[in-house]
Amino acid sequence: MNKNVVYNIKNTGIYIGLNKMVFRIVIAGESQCNIFAEVCLVADHISQNLPSFCYERIEKPVAEWKLWLCKINQKNKWHHIDSPIIWKELLMMGSKPFYIGGACEFLEYCHSYYNFDLFLSPTRFEHLVYNYGQYQRKIKQEKRLNSSSQIFDYQNDVKKSDYTICISGAGNPISMFIISGLFEMTSGDKIISKIYIYDDDCSQSLMDFIEYECNFLGGDLSSKVVKNIEKIGVALTGTNLLIILDYVPFRSTYSIGKWLYENKKVMERIALNINASASQKMYIVFPNLGPACYNATVLANAVKSLPRSNIVVVTSDIGLDIVPVAAEIADVPLKNIFCPPVWGFVGINHLADIHTTIHKYESFDPYNRFIKVRNSTLCVGTLTPELRSMEYLMFSDDTLWTKVAERKIQKKLSERPICINKAVAVLNLVKLWLFYPDPKNVVNLGIPCNGAFGLTFGGHFSQPANLVNGKWEPASNYALPRDPNMSISYLEEIAKLVMKLSKEDLPQLVPYTPCICKQPIRFTKYK
């Protein structure tokens, strides 16, 4: 027998040389995973009995496991979820890994390809399989108990019949639209019993006028659902939802660092009141005003009495701004287009990805009679509703952002620009969060990153999200942005950079206008 010949084991595509092994098994898992440890014991036992068996162990800490697994799935186009993950690869540069699966698939693989019974007794193998199955059943039971307890707590909150909402910074014109929408949202057994409005920067007469006008919108002046308060701490004790409209607008005399610093002072002042008075179950909503994601991150870092997941930034208004323009360019009915996904550190930079925006489409499947008979009175085919991305409709047209910018300029030139989309986005979120929770609904929100989409930023970052047991989590099954000019990794780097800026960083831009009063000097050319 030639010692340099490479043999194929049972036509499996795995080749082992008599003198040199040309492939290996890679077992990767979480450091505290019992199944991962047991699989490694099996692999070690096989390697002691079969010199041709080679394996590598990759152990990741609990905090790094999900992010590492997400990167492996993206790199190899896999969809593995739990620990451990096992694959095989050739011992040569550029070889493509071959996915095996989890612990169960690995045991079946070993039993079928390596004559498991020769060096591991059947009783030992059955005991191993039984332990693995028992452990899996225990894990599922614990998950079921945890999820049922969370759902029970969440259902108790959902069954709440009345809600108290507080709006800080209510002197902003957007508050009128939000309050009128909240009145329309009240129906059935779920009502809004009280809406507190507060603004430390506005005069008392203006706040009294807003209170009167909003109660008039409610239709019942005697009940006074809307109430102006002088101290927000009193209202926060019984508030279920806090809407923060406070922010410092950018001025030409500010540097970027000073602008962020002024907003940071406002958020830290609000955090003092929240820590002193607010309930631990209170929700906080930021509309897209000023450096919204920056303000939410600063507030989340300063607030100690609330979980970070209770603070969100509404960013769907950015997508709503571009939908009408995209509908005109693509010649698609506006009612058939979903809101585009919004990514980024909204308020500083963002990406509204029109390429992965979903629209409804009806495909026509003709019957044979449609081809043979031209003037048939019978049904000629079927219409099948489908969901498609807008990428194929917007691929050859690059005028979207130019037209969006022109519309924004027209709004700014108007006497009173109205941010209707910002109010609509907030009201849609309140409806989903308090009144009609729907875990299948995907919303653009600035929420804390948890490793989904490969994002590791420690603050609030806009991304598609859905409601899971009362908590907004990244919709990890949503497609990554496919915009050719921007990536979410760049947006994440900018977010990390902005959080490190000091007050003096990025000084103001002084515009320079050349003088045109003097005549230009003319030079005469002599021969």
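Structure: above.
Every value quoted in this text rests on a predicted model; they were computed, and no experiment measured them. (Residues numbered from 1 in each chain as written. Predicted model: local features only at pLDDT ≥ 70, side-chain atom pairs only at ≥ 80, totals over all residues. Heavy atoms only, no water.)

Draft legend 1. Here's a closer look at empty space enclosed by the protein. For the coordinates displayed, the defined rule picks out 2 cavities of 30 Å³ or more. Approximately 40 Å³ is the volume attributed to the second largest cavity. Taken together, Ile244, Leu245, Asp246, Tyr247, Phe286, Pro287, Leu289 and Asn295 make up the lining of the second largest cavity. The residue makeup of the lining of the second largest cavity, split by class, is 6 nonpolar, 1 polar and 1 charged. (1 Å grid on protein atoms, 1.4 Å probe; cavity = no way out; pocket = protein on both sides within 12 Å on 5 of 7 lines; lining within 4 Å. Points joined across faces, edges and corners; volume = space filled by probe spheres on them. Nonpolar A, V, L, I, M, F, W, Y, C, P; charged D, E, K, R; others polar.)

Draft legend 2. Inspection of the side chain of serine 316 at higher detail. Along the chain, serine 316 falls in helix H11 (residues 316-330). The residues contacting serine 316, other than those within four sequence positions of it, are Cys339, Ala425, Val443 and Asn444. (Helix = DSSP H or I, 4+ residues; strand = E, 2+ residues; numbered from the N terminus. Contact = heavy atoms within 4.5 Å.)

Draft legend 3. Just the pattern of salt bridges, in detail. For the coordinates displayed, the defined rule picks out 10 salt bridges. With its nearest N and O atoms 3.2 Å apart, the salt bridge here joins lysine 422 to aspartate 317. Here lysine 422 is found in helix H15 (residues 420-435), whereas its partner aspartate 317 is found in helix H11, with 105 residues between them in sequence. We note that lysine 422, like aspartate 317, is buried. (Salt bridge = Lys/Arg side-chain N within 4 Å of Asp/Glu carboxyl O. Buried < 20%, exposed > 50% of the residue type's maximum accessible area, 1.4 Å probe, protein only.)

Draft legend 4. Looking closely at the packing of aromatic side chains. Here the structure, examined in full by the defined rule, presents 12 aromatic pairs. Summarising the aromatic geometry, the rings of tyrosine 283 and tryptophan 433 are spaced 4.1 Å apart at their centres and angled 15° between planes, so their arrangement reads as stacked. With tyrosine 283 in strand E11 (residues 283-286) and tryptophan 433 in helix H15, this pair connects stretches of sequence that are 150 residues apart. Exposure remark for tyrosine 283: the relative accessible area of 12% places this residue in the buried category. Each ring, one from phenylalanine 345 and one from phenylalanine 457, has its centre 5.4 Å from the other, and the planes form 85°; the classification is edge-to-face. (Phe/Tyr/Trp six-rings, centres within 6.5 Å; stacked < 30°, edge-to-face > 60°.)

Draft legend 5. Structural view of helix H2 (residues 62-76). If you check H2, its first and last C-alpha atoms are 22 Å apart, about what 15 residues at 1.5 Å a residue would give, namely 21 Å. Buried positions along H2 lie against strand E3 (23-30), strand E4 (55-60) and strand E5 (85-90). Backbone geometry just after H2 places lysine 77 at a positive phi near 60°. (Expected span 1.5 Å × (residues − 1).)

Draft legend 6. The arrangement of the nonpolar core in detail. Membership of the largest hydrophobic core comes to 66 residues, with the highest contact counts inside it found for Ile274, Ile284, Phe286 and Leu299. A total of 8 residues in this core trace back to one element, the largest contributor, which is H11. The residues touching phenylalanine 286, leaving out its near neighbours within four places in the chain, are Ile244, Met267, Asn295, Ala296, Leu299, Ile311, Val312, Val313 and Val314. Core analysis: the second largest hydrophobic core is formed by 42 residues, Leu182, Ile197, Ile243 and Ile447 among them. (Core = buried A, V, L, I, M, F, W, Y, C linked by side-chain atoms within 4.5 Å.)

Draft legend 7. Broad picture of the packing of H11 against H15. Relative to each other, H11 and H15 sit at 130°, their axes nearing to 8 Å. Judged on the interaxial angle alone, H15 and H11 are oblique. Helix-helix and strand crossings are classified by hand; for H11 and H15 the assignment is right-handed. Contacts between H11 and H15 involve Ser316, Asp317, Leu320 and Asp321 on the former and, on the latter, Asn421, Lys422, Val424 and Ala425. Here the contact of H11 with H15 is composed, by residue class, of 3 nonpolar, 2 polar and 3 charged. (Axes fitted to C-alpha atoms, helices over the stretch in contact; angles between N-to-C directions. Parallel < 35°, antiparallel > 145°, perpendicular 65-115°, else oblique. Left-handed = near helix turned anticlockwise from the far one by under 90°.)

Draft legend 8. Main features of the environment of valine 468. Checked against the element boundaries, valine 468 lands in strand E18 (residues 460-468). Taking the relative accessible area as the measure of exposure, valine 468 reaches 33% and is therefore partly exposed. Linking valine 468 and lysine 440, residues 28 residues apart in sequence, is a C-alpha distance of 9.2 Å.

Draft legend 9. Structural detail: unusual backbone geometry. In the segment running from serine 83 into proline 84, the intervening peptide bond is cis, with an omega of 5°. Structurally, proline 84 can be placed in the loop between H2 and E5. With phi around 60°, aspartate 331 is a residue other than glycine that occupies positive phi space. Inspection of the secondary structure puts aspartate 331 in the loop between H11 and strand E13 (342-343). Aspartate 331 sits in the exposed class, given a relative accessible area of 70%.

Draft legend 10. Seen up close, helix H3 (residues 103-113). Looking at H3, one finds that the buried residues are Ala103, Phe106, Leu107, Tyr109 and Cys110. All buried residues of H3 fall inside an arc of 160° around its axis, so they share one side. (Arc of directions from axis to C-beta.)

Draft legend 11. Geometry of the sheet that holds strand E7 (residues 162-168). Within the open sheet, the 9 strands sit side by side as E9-E8-E7-E10-E11-E12-E17-E18-E19. Their pairing is mixed. In this open sheet, the two strands that pair with only one neighbour each are strand E9 (226-228) and strand E19 (471-474). If you compare each strand with its neighbour and ignore which way they point, the axes differ by 35° on average. The sheet contact formed by strand E12 (residues 311-314) and strand E17 (residues 443-448) spans 2 bridges and is antiparallel. Pairing of valine 314 across the sheet is with leucine 445, part of E17. (Pairing = 2+ DSSP bridges.)

Draft legend 12. The arrangement of the pairing of E7 in detail. With respect to burial, E7 is a largely interior element, 6 of its 7 residues being buried. Relative to strand E8 (residues 191-198), E7 is paired through 7 bridges, and the arrangement is parallel. Along E8, the bridge assignment pairs serine 168 with tyrosine 198. With 4 bridges joining them, E7 and strand E10 (residues 241-244) adopt parallel strand pairing. In the sheet register, isoleucine 165 faces E10, and the bridge partner there is leucine 241.

Draft legend 13. Spotlight on the environment of asparagine 73. Here asparagine 73 lies in helix H2. Sequence-distant contacts of asparagine 73, that is, excluding residues within four places in its chain, are made with Trp78, His79 and His80.

Draft legend 14. Here's a closer look at the sheet that holds E3. As summarised here, the arrangement of the 4 strands in space is E4-E3-E5-E6, forming an open sheet in which the pairing is mixed. Two strands lie at the open edges of the sheet, namely E4 and strand E6 (98-101), each paired on one side alone. For this sheet the average axis-to-axis angle between neighbouring strands, irrespective of direction, equals 25°. Pairing of E3 with E4 involves 6 bridges; the strand directions are parallel. Each residue of the ladder has a partner; that of valine 26, found in E4, is glutamate 56. Across the sheet, helix H1 (residues 34-49) is in contact with E3, E4 and E5; its angle to E4 comes to roughly 160°.

Any functional reading would require information that these geometric values do not contain.
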